[in-house]
Amino acid sequence: MLKVAFYDTKEYDRPSFEYYGGLHQIEFLFLETKLNENTVELAKGCDAVCVFVNDTVNEKVIEKLYSFGVKLIALRSAGYNNVDVRAAYRRVHVVHVPAYSPYSVAEHAMALLLTSVRRIHKAYNRTREFNFSLNGLTGFDLHGKTVGVIGTGKIGRIFIDICCGFGMKVVAFDRFPAQDAGIEYVSLDRLFEVSDVISLHCPLTDETRHMIGREAISKMKKGVVIINTSRGGLIDAEALLEGIKDRKIGAACLDVYEEEADIFFEDRSGHILNDDLLSRLISMPNVIVTSHQAFLTEEALHNIAETTVNNILSCFENDGACDNELCYRCGQIEHCRKERKERCF
Ligand code: NAD
(Lines give C-alpha, C1' and ligand atoms only; values in the text may rest on other atoms or scores of the structure.)
Protein backbone atom coordinates (compact mmCIF):
# COMPACT_ATOMS: atom_id res chain seq x y z
CA MET A 1 0.00 0.00 0.00
CA LEU A 2 1.44 3.39 -1.02
CA LYS A 3 1.17 6.10 1.61
CA VAL A 4 0.68 9.69 0.48
CA ALA A 5 0.69 12.81 2.73
CA PHE A 6 -2.12 14.95 1.34
CA TYR A 7 -1.46 18.57 2.36
CA ASP A 8 -3.96 21.43 2.53
CA THR A 9 -6.97 19.11 2.46
CA LYS A 10 -10.36 20.69 1.91
CA GLU A 11 -13.72 19.02 2.48
CA TYR A 12 -14.39 18.89 -1.25
CA ASP A 13 -11.09 17.04 -1.96
CA ARG A 14 -11.71 13.95 0.10
CA PRO A 15 -14.54 12.00 -1.60
CA SER A 16 -12.91 11.77 -5.03
CA PHE A 17 -9.42 10.99 -3.66
CA GLU A 18 -10.77 8.40 -1.23
CA TYR A 19 -12.66 6.79 -4.10
CA TYR A 20 -9.77 6.62 -6.62
CA GLY A 21 -7.17 5.87 -3.92
CA GLY A 22 -9.32 3.01 -2.65
CA LEU A 23 -9.45 1.48 -6.11
CA HIS A 24 -5.65 1.29 -6.27
CA GLN A 25 -4.34 0.58 -2.76
CA ILE A 26 -3.24 4.16 -2.13
CA GLU A 27 -3.71 5.47 1.38
CA PHE A 28 -4.06 9.24 1.57
CA LEU A 29 -3.10 10.79 4.90
CA PHE A 30 -5.34 13.89 4.83
CA LEU A 31 -3.69 16.89 6.52
CA GLU A 32 -5.35 20.27 6.87
CA THR A 33 -2.07 22.13 7.14
CA LYS A 34 -0.19 23.43 4.12
CA LEU A 35 3.20 22.02 3.22
CA ASN A 36 6.09 24.29 4.18
CA GLU A 37 9.39 24.12 6.10
CA ASN A 38 7.49 23.81 9.40
CA THR A 39 5.13 21.03 8.35
CA VAL A 40 7.32 18.93 6.09
CA GLU A 41 8.09 16.52 8.99
CA LEU A 42 4.52 15.23 8.72
CA ALA A 43 5.54 13.52 5.48
CA LYS A 44 7.99 11.21 7.26
CA GLY A 45 7.24 7.60 6.42
CA CYS A 46 5.24 8.50 3.31
CA ASP A 47 6.12 7.49 -0.25
CA ALA A 48 4.76 10.70 -1.76
CA VAL A 49 3.22 14.05 -0.95
CA CYS A 50 0.18 15.48 -2.72
CA VAL A 51 0.12 19.29 -2.81
CA PHE A 52 -2.00 22.15 -4.09
CA VAL A 53 -1.39 25.70 -5.28
CA ASN A 54 -0.59 27.35 -1.95
CA ASP A 55 1.76 24.73 -0.54
CA THR A 56 5.37 25.93 -0.43
CA VAL A 57 7.63 23.40 -2.09
CA ASN A 58 10.93 25.26 -2.10
CA GLU A 59 14.50 23.92 -2.05
CA LYS A 60 14.57 23.45 1.73
CA VAL A 61 11.29 21.53 1.74
CA ILE A 62 12.49 19.37 -1.15
CA GLU A 63 15.78 18.60 0.65
CA LYS A 64 13.79 17.44 3.69
CA LEU A 65 11.42 15.32 1.61
CA TYR A 66 14.41 13.72 -0.09
CA SER A 67 16.08 13.00 3.25
CA PHE A 68 12.87 11.30 4.47
CA GLY A 69 12.87 9.05 1.39
CA VAL A 70 9.79 10.69 -0.17
CA LYS A 71 10.00 9.86 -3.87
CA LEU A 72 7.26 11.94 -5.42
CA ILE A 73 5.60 15.36 -5.25
CA ALA A 74 2.19 15.00 -6.87
CA LEU A 75 0.63 18.37 -7.63
CA ARG A 76 -3.14 18.19 -7.86
CA SER A 77 -3.11 21.36 -9.97
CA ALA A 78 -1.98 22.38 -13.43
CA GLY A 79 0.15 25.36 -12.33
CA TYR A 80 3.44 24.51 -10.59
CA ASN A 81 4.98 27.91 -9.84
CA ASN A 82 5.03 26.98 -6.11
CA VAL A 83 7.39 24.04 -6.69
CA ASP A 84 11.12 24.51 -7.25
CA VAL A 85 11.31 21.98 -10.06
CA ARG A 86 15.01 22.70 -10.57
CA ALA A 87 15.78 21.84 -6.94
CA ALA A 88 13.73 18.64 -7.22
CA TYR A 89 15.67 17.35 -10.22
CA ARG A 90 17.58 14.16 -9.34
CA ARG A 91 16.00 14.13 -5.88
CA VAL A 92 12.24 13.88 -5.94
CA HIS A 93 10.02 13.38 -8.99
CA VAL A 94 7.33 15.99 -9.63
CA VAL A 95 4.06 15.34 -11.46
CA HIS A 96 1.07 17.57 -12.10
CA VAL A 97 -2.41 17.43 -13.63
CA PRO A 98 -1.95 19.31 -16.90
CA ALA A 99 -5.64 19.34 -17.79
CA TYR A 100 -8.57 18.37 -15.63
CA SER A 101 -11.27 20.58 -17.01
CA PRO A 102 -10.06 23.63 -18.86
CA TYR A 103 -13.77 24.31 -19.38
CA SER A 104 -14.23 24.90 -15.65
CA VAL A 105 -11.74 27.79 -15.62
CA ALA A 106 -12.70 29.28 -18.99
CA GLU A 107 -16.40 29.18 -18.08
CA HIS A 108 -15.67 30.80 -14.71
CA ALA A 109 -13.78 33.60 -16.47
CA MET A 110 -16.84 34.25 -18.63
CA ALA A 111 -19.14 33.99 -15.59
CA LEU A 112 -17.08 36.70 -13.88
CA LEU A 113 -17.10 38.88 -16.98
CA LEU A 114 -20.87 38.64 -17.44
CA THR A 115 -21.50 39.18 -13.74
CA SER A 116 -19.36 42.28 -13.84
CA VAL A 117 -20.54 43.93 -17.04
CA ARG A 118 -24.25 43.18 -16.40
CA ARG A 119 -23.98 44.06 -12.68
CA ILE A 120 -25.52 40.72 -11.67
CA HIS A 121 -23.77 40.85 -8.26
CA LYS A 122 -25.53 44.12 -7.51
CA ALA A 123 -28.92 43.04 -8.86
CA TYR A 124 -28.79 39.83 -6.79
CA ASN A 125 -28.30 41.78 -3.58
CA ARG A 126 -30.90 44.38 -4.48
CA THR A 127 -33.77 42.02 -5.33
CA ARG A 128 -33.16 40.00 -2.15
CA GLU A 129 -34.08 43.19 -0.32
CA PHE A 130 -37.04 43.86 -2.66
CA ASN A 131 -35.16 46.76 -4.22
CA PHE A 132 -36.22 46.62 -7.85
CA SER A 133 -34.57 49.84 -8.98
CA LEU A 134 -32.41 49.65 -12.11
CA ASN A 135 -30.41 52.79 -11.37
CA GLY A 136 -26.69 52.17 -11.66
CA LEU A 137 -27.10 48.76 -13.30
CA THR A 138 -26.44 49.82 -16.89
CA GLY A 139 -24.01 47.39 -18.49
CA PHE A 140 -22.62 47.03 -22.00
CA ASP A 141 -22.95 44.46 -24.79
CA LEU A 142 -20.06 42.04 -25.19
CA HIS A 143 -21.03 41.61 -28.85
CA GLY A 144 -18.65 43.59 -31.04
CA LYS A 145 -16.19 44.33 -28.22
CA THR A 146 -12.53 43.31 -28.43
CA VAL A 147 -11.16 40.81 -25.95
CA GLY A 148 -7.40 40.41 -25.52
CA VAL A 149 -6.42 36.93 -24.39
CA ILE A 150 -2.94 36.49 -22.90
CA GLY A 151 -1.94 32.82 -23.07
CA THR A 152 -3.62 30.65 -25.69
CA GLY A 153 -3.10 27.23 -24.14
CA LYS A 154 -5.87 24.87 -23.12
CA ILE A 155 -7.89 27.35 -21.04
CA GLY A 156 -7.17 30.42 -23.18
CA ARG A 157 -8.41 28.70 -26.33
CA ILE A 158 -11.67 27.59 -24.74
CA PHE A 159 -12.17 31.10 -23.43
CA ILE A 160 -11.58 32.38 -26.97
CA ASP A 161 -14.24 29.99 -28.32
CA ILE A 162 -16.71 31.20 -25.69
CA CYS A 163 -15.97 34.84 -26.54
CA CYS A 164 -16.45 34.11 -30.25
CA GLY A 165 -19.86 32.69 -29.35
CA PHE A 166 -20.70 36.08 -27.90
CA GLY A 167 -19.67 37.81 -31.14
CA MET A 168 -16.55 39.37 -29.64
CA LYS A 169 -13.46 40.17 -31.67
CA VAL A 170 -10.45 38.29 -30.29
CA VAL A 171 -6.80 39.29 -30.30
CA ALA A 172 -4.21 37.27 -28.43
CA PHE A 173 -0.67 37.27 -27.16
CA ASP A 174 1.34 34.15 -26.39
CA ARG A 175 5.06 33.71 -25.90
CA PHE A 176 4.71 30.57 -28.05
CA PRO A 177 1.88 31.29 -30.51
CA ALA A 178 -0.07 28.26 -31.73
CA GLN A 179 0.59 27.47 -35.36
CA ASP A 180 -2.73 25.84 -36.14
CA ALA A 181 -5.50 27.87 -34.54
CA GLY A 182 -6.87 30.77 -36.56
CA ILE A 183 -6.08 33.17 -33.72
CA GLU A 184 -5.05 36.77 -34.44
CA TYR A 185 -1.80 37.20 -32.51
CA VAL A 186 -0.63 40.73 -31.76
CA SER A 187 2.14 42.22 -29.62
CA LEU A 188 1.41 42.70 -25.94
CA ASP A 189 1.41 46.47 -26.40
CA ARG A 190 -1.10 46.24 -29.23
CA LEU A 191 -3.29 43.96 -27.15
CA PHE A 192 -3.28 46.49 -24.30
CA GLU A 193 -4.09 49.28 -26.74
CA VAL A 194 -7.12 47.72 -28.49
CA SER A 195 -8.79 45.50 -25.89
CA ASP A 196 -12.02 46.34 -24.09
CA VAL A 197 -11.59 43.20 -22.00
CA ILE A 198 -8.28 41.50 -21.10
CA SER A 199 -8.21 37.95 -19.76
CA LEU A 200 -5.08 36.29 -18.39
CA HIS A 201 -4.44 32.60 -19.14
CA CYS A 202 -0.65 32.28 -19.07
CA PRO A 203 1.40 30.69 -16.29
CA LEU A 204 3.18 32.65 -13.56
CA THR A 205 6.90 32.73 -14.33
CA ASP A 206 9.74 35.17 -13.65
CA GLU A 207 8.87 36.71 -16.99
CA THR A 208 5.13 37.07 -16.42
CA ARG A 209 5.20 38.22 -12.77
CA HIS A 210 3.47 41.64 -12.60
CA MET A 211 3.00 41.71 -16.37
CA ILE A 212 -0.05 43.81 -15.53
CA GLY A 213 1.60 46.71 -13.71
CA ARG A 214 1.60 50.51 -13.94
CA GLU A 215 3.23 50.63 -17.36
CA ALA A 216 0.92 48.04 -18.89
CA ILE A 217 -2.16 49.72 -17.41
CA SER A 218 -1.06 53.08 -18.82
CA LYS A 219 -1.23 51.53 -22.31
CA MET A 220 -4.76 50.17 -21.88
CA LYS A 221 -8.07 51.63 -23.00
CA LYS A 222 -9.99 53.67 -20.46
CA GLY A 223 -12.69 51.46 -18.97
CA VAL A 224 -10.92 48.17 -19.70
CA VAL A 225 -12.17 45.09 -17.83
CA ILE A 226 -9.39 42.85 -16.52
CA ILE A 227 -10.04 39.19 -15.71
CA ASN A 228 -7.52 37.05 -13.88
CA THR A 229 -8.28 33.36 -13.39
CA SER A 230 -4.64 32.35 -13.79
CA ARG A 231 -2.28 33.32 -10.97
CA GLY A 232 -2.39 36.36 -8.69
CA GLY A 233 1.26 37.26 -9.27
CA LEU A 234 0.53 38.17 -12.89
CA ILE A 235 -0.97 41.42 -11.60
CA ASP A 236 0.64 44.08 -9.47
CA ALA A 237 -2.38 44.54 -7.21
CA GLU A 238 -1.29 48.00 -6.03
CA ALA A 239 -1.09 49.22 -9.61
CA LEU A 240 -4.49 47.65 -10.27
CA LEU A 241 -6.03 49.50 -7.33
CA GLU A 242 -4.50 52.76 -8.55
CA GLY A 243 -5.90 52.13 -12.03
CA ILE A 244 -9.33 51.54 -10.54
CA LYS A 245 -9.17 54.67 -8.39
CA ASP A 246 -8.05 56.70 -11.45
CA ARG A 247 -11.11 55.36 -13.34
CA LYS A 248 -8.72 53.94 -15.95
CA ILE A 249 -9.78 50.39 -15.22
CA GLY A 250 -13.52 49.89 -15.64
CA ALA A 251 -13.72 46.64 -13.70
CA ALA A 252 -11.57 43.81 -12.37
CA CYS A 253 -12.62 40.18 -11.98
CA LEU A 254 -10.15 38.31 -9.83
CA ASP A 255 -10.23 34.61 -9.01
CA VAL A 256 -6.63 34.77 -7.81
CA TYR A 257 -4.61 37.22 -5.75
CA GLU A 258 -0.85 37.39 -5.25
CA GLU A 259 -1.06 37.16 -1.46
CA GLU A 260 -3.91 34.66 -1.42
CA ALA A 261 -1.98 31.82 0.25
CA ASP A 262 -2.96 32.66 3.83
CA ILE A 263 -6.38 34.04 3.00
CA PHE A 264 -8.21 32.13 0.30
CA PHE A 265 -9.96 28.77 0.72
CA GLU A 266 -10.94 29.50 4.36
CA ASP A 267 -13.91 31.14 6.09
CA ARG A 268 -12.47 34.36 7.47
CA SER A 269 -15.81 36.09 7.94
CA GLY A 270 -15.42 36.39 11.72
CA HIS A 271 -11.93 37.88 11.49
CA ILE A 272 -10.36 41.21 10.61
CA LEU A 273 -8.62 40.84 7.28
CA ASN A 274 -4.92 41.62 7.63
CA ASP A 275 -4.54 42.66 4.01
CA ASP A 276 -5.47 46.27 3.38
CA LEU A 277 -4.93 46.01 -0.34
CA LEU A 278 -7.33 43.09 -0.75
CA SER A 279 -9.85 44.77 1.58
CA ARG A 280 -9.69 47.91 -0.53
CA LEU A 281 -10.08 45.97 -3.77
CA ILE A 282 -13.07 44.04 -2.43
CA SER A 283 -14.68 47.30 -1.28
CA MET A 284 -14.69 48.66 -4.84
CA PRO A 285 -18.06 48.42 -6.59
CA ASN A 286 -16.44 47.32 -9.84
CA VAL A 287 -14.22 44.55 -8.43
CA ILE A 288 -15.42 40.97 -8.12
CA VAL A 289 -13.29 38.53 -6.17
CA THR A 290 -13.79 34.77 -6.03
CA SER A 291 -11.37 32.75 -3.94
CA HIS A 292 -9.54 30.58 -6.47
CA GLN A 293 -12.77 28.86 -7.33
CA ALA A 294 -12.47 28.67 -11.11
CA PHE A 295 -11.43 25.00 -11.14
CA LEU A 296 -14.17 23.88 -8.76
CA THR A 297 -16.61 21.74 -10.73
CA GLU A 298 -17.68 18.11 -10.17
CA GLU A 299 -16.01 17.12 -13.42
CA ALA A 300 -12.74 18.80 -12.52
CA LEU A 301 -12.57 17.26 -9.03
CA HIS A 302 -13.01 13.76 -10.43
CA ASN A 303 -10.49 14.31 -13.20
CA ILE A 304 -7.96 15.77 -10.73
CA ALA A 305 -8.25 12.75 -8.39
CA GLU A 306 -8.18 10.19 -11.20
CA THR A 307 -5.16 11.76 -12.93
CA THR A 308 -3.26 12.26 -9.66
CA VAL A 309 -3.80 8.62 -8.68
CA ASN A 310 -2.66 7.49 -12.15
CA ASN A 311 0.38 9.79 -11.91
CA ILE A 312 1.31 8.25 -8.56
CA LEU A 313 0.85 4.71 -9.86
CA SER A 314 2.91 5.30 -12.98
CA CYS A 315 5.80 6.72 -10.93
CA PHE A 316 5.90 3.72 -8.59
CA GLU A 317 5.02 0.94 -11.02
CA ASN A 318 6.74 -0.54 -14.10
CA ASP A 319 9.50 1.72 -15.49
CA GLY A 320 8.43 4.74 -13.45
CA ALA A 321 7.80 6.85 -16.53
CA CYS A 322 4.93 9.31 -16.25
CA ASP A 323 3.67 11.54 -19.04
CA ASN A 324 2.79 14.23 -16.53
CA GLU A 325 6.25 14.48 -14.98
CA LEU A 326 7.74 17.95 -14.62
CA CYS A 327 11.47 17.77 -14.85
CA TYR A 328 14.34 20.16 -15.19
CA ARG A 329 16.56 17.86 -17.24
CA CYS A 330 16.35 19.70 -20.54
CA GLY A 331 15.02 22.99 -19.28
CA GLN A 332 11.72 22.31 -21.06
CA ILE A 333 9.94 21.47 -17.89
CA GLU A 334 6.68 20.19 -19.31
CA HIS A 335 7.45 18.73 -22.68
CA CYS A 336 10.73 16.80 -22.61
CA ARG A 337 9.45 13.77 -20.73
CA LYS A 338 6.79 12.93 -23.29
CA GLU A 339 9.27 12.90 -26.14
CA ARG A 340 11.80 10.61 -24.45
CA LYS A 341 9.30 8.11 -23.04
CA GLU A 342 11.67 7.27 -20.24
CA ARG A 343 12.27 8.19 -16.62
CA CYS A 344 13.61 11.70 -16.20
CA PHE A 345 16.29 10.58 -13.71
P1 NAD B 1 -1.38 25.86 -20.78
O2 NAD B 1 0.00 25.43 -20.43
O3 NAD B 1 -2.23 24.97 -21.62
O4 NAD B 1 -1.34 27.29 -21.47
C5 NAD B 1 -0.53 28.34 -21.03
C6 NAD B 1 -0.22 29.21 -22.25
O7 NAD B 1 0.52 30.33 -21.79
C8 NAD B 1 0.64 28.49 -23.29
O9 NAD B 1 0.08 28.65 -24.58
C10 NAD B 1 2.00 29.18 -23.17
O11 NAD B 1 2.70 29.23 -24.41
C12 NAD B 1 1.56 30.57 -22.73
N13 NAD B 1 2.66 31.32 -22.15
C14 NAD B 1 3.75 30.87 -21.48
N15 NAD B 1 4.55 31.91 -21.14
C16 NAD B 1 3.93 33.03 -21.60
C17 NAD B 1 4.25 34.41 -21.56
N18 NAD B 1 5.39 34.83 -21.00
N19 NAD B 1 3.39 35.28 -22.13
C20 NAD B 1 2.25 34.86 -22.72
N21 NAD B 1 1.89 33.56 -22.80
C22 NAD B 1 2.72 32.66 -22.24
O23 NAD B 1 -2.09 26.15 -19.37
P24 NAD B 1 -3.65 26.18 -19.07
O25 NAD B 1 -4.11 24.82 -18.68
O26 NAD B 1 -4.36 26.90 -20.15
O27 NAD B 1 -3.65 27.04 -17.73
C28 NAD B 1 -3.28 28.41 -17.74
C29 NAD B 1 -3.06 28.88 -16.32
O30 NAD B 1 -4.31 28.86 -15.64
C31 NAD B 1 -2.16 27.97 -15.48
O32 NAD B 1 -0.81 28.36 -15.59
C33 NAD B 1 -2.66 28.17 -14.08
O34 NAD B 1 -1.85 29.12 -13.44
C35 NAD B 1 -4.06 28.75 -14.26
N36 NAD B 1 -5.10 27.92 -13.66
C37 NAD B 1 -5.94 28.49 -12.75
C38 NAD B 1 -6.97 27.75 -12.19
C39 NAD B 1 -7.94 28.35 -11.21
O40 NAD B 1 -8.67 27.61 -10.53
N41 NAD B 1 -8.03 29.66 -11.10
C42 NAD B 1 -7.12 26.40 -12.53
C43 NAD B 1 -6.24 25.86 -13.48
C44 NAD B 1 -5.24 26.62 -14.04
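Every value quoted in this text rests on a predicted model; they were computed, and no experiment measured them.

With that settled, the discussion passes to the pairing of strand 1 (residues 2–6). Most of strand 1 sits inside the fold, with 4 of its 5 residues counted as buried. Sheet analysis places strand 1 next to strand 2 (residues 26–30), joined by 5 bridges and oriented parallel. In the strand pairing of strand 2, valine 4 is matched with phenylalanine 28. Pairing of strand 1 with strand 3 (residues 48–51), which is carried by 3 bridges, proceeds in the parallel orientation. Across the sheet, the residue bridging to valine 4 is alanine 48, located in strand 3.

Scanning the model with the defined rule gives 10 aromatic pairs in all. An aromatic cluster is defined as three or more aromatic residues linked by ring pairs; in this entry it consists of Phe6, Phe17, Phe28 and Phe30.

To continue, consider the environment of isoleucine 244. Assignment of secondary structure puts isoleucine 244 in helix 9 (residues 237–245). Residues isoleucine 244 and cysteine 202, spaced 42 residues apart in sequence, show a C-alpha to C-alpha distance of 23 Å. Contact partners of isoleucine 244, with chain neighbours within four places excluded, come to Ile249, Ala252, Leu281, Met284, Asn286 and Val287.

Once that is clear, we can look at the site of the ligand. Taken together, 23 residues sit near the ligand, with Tyr100, Lys154, Ile155, Asp174 and Thr229 positioned nearest. Within the backbone of isoleucine 155, an N or O atom sits 2.9 Å from an oxygen atom of the ligand. In the environment of the ligand, an oxygen atom lies 2.6 Å from a nitrogen or oxygen atom belonging to the side chain of aspartate 174. Starting from 870 Å² of accessible surface for the ligand in isolation, the protein chains cover 88%.

Listed as buried for helix 9 are Ala237, Ala239, Leu240, Leu241, Gly243 and Ile244. The distance from a side-chain oxygen at the start of helix 9 to the backbone nitrogen of glutamate 238 is 3.1 Å, and the residue carrying that oxygen is aspartate 236. Downstream of helix 9 by a residue or two, arginine 247 has a phi angle that is positive, lying close to 65°.

Taken domain by domain, the chain consists of domain 1 (2–100 + 298–317) and domain 2 (102–289). For domain 1 and domain 2, the distance between their C-alpha centroids amounts to 30 Å. Both faces combined, the contact of domain 1 with domain 2 buries some 950 Å², and carbon together with sulfur accounts for 54% of it. Our enumeration of links across domain 1 and domain 2 arrives at 1 salt bridge. For the salt bridge of lysine 10 with glutamate 266, the shortest nitrogen-to-oxygen distance reads 3.2 Å. Our count for the domain 1 to domain 2 interface comes out at 4 residue pairs in polar contact (both at pLDDT 80 or more).

So, how was this worked out
- Residues numbered from 1 in each chain as written.
- Predicted model: local features only at pLDDT ≥ 70, side-chain atom pairs only at ≥ 80, totals over all residues.
- Heavy atoms only, no water.
- Buried < 20%, exposed > 50% of the residue type's maximum accessible area, 1.4 Å probe, protein only.
- Helix = DSSP H or I, 4+ residues; strand = E, 2+ residues; numbered from the N terminus.
- Pairing = 2+ DSSP bridges.
- Phe/Tyr/Trp six-rings, centres within 6.5 Å; stacked < 30°, edge-to-face > 60°.
- Contact = heavy atoms within 4.5 Å.
- Near = heavy atom within 4 Å.
- Polar contact = N/O pair within 3.5 Å; in protein donor to acceptor, adjacent residues only side chain to side chain.
- Areas by Shrake-Rupley, 256 points an atom, 1.4 Å probe, with all protein chains shown as cover.
- Domains from an automatic or database assignment.
- Buried area = accessible area lost by both parts, 1.4 Å probe.
- Salt bridge = Lys/Arg side-chain N within 4 Å of Asp/Glu carboxyl O.

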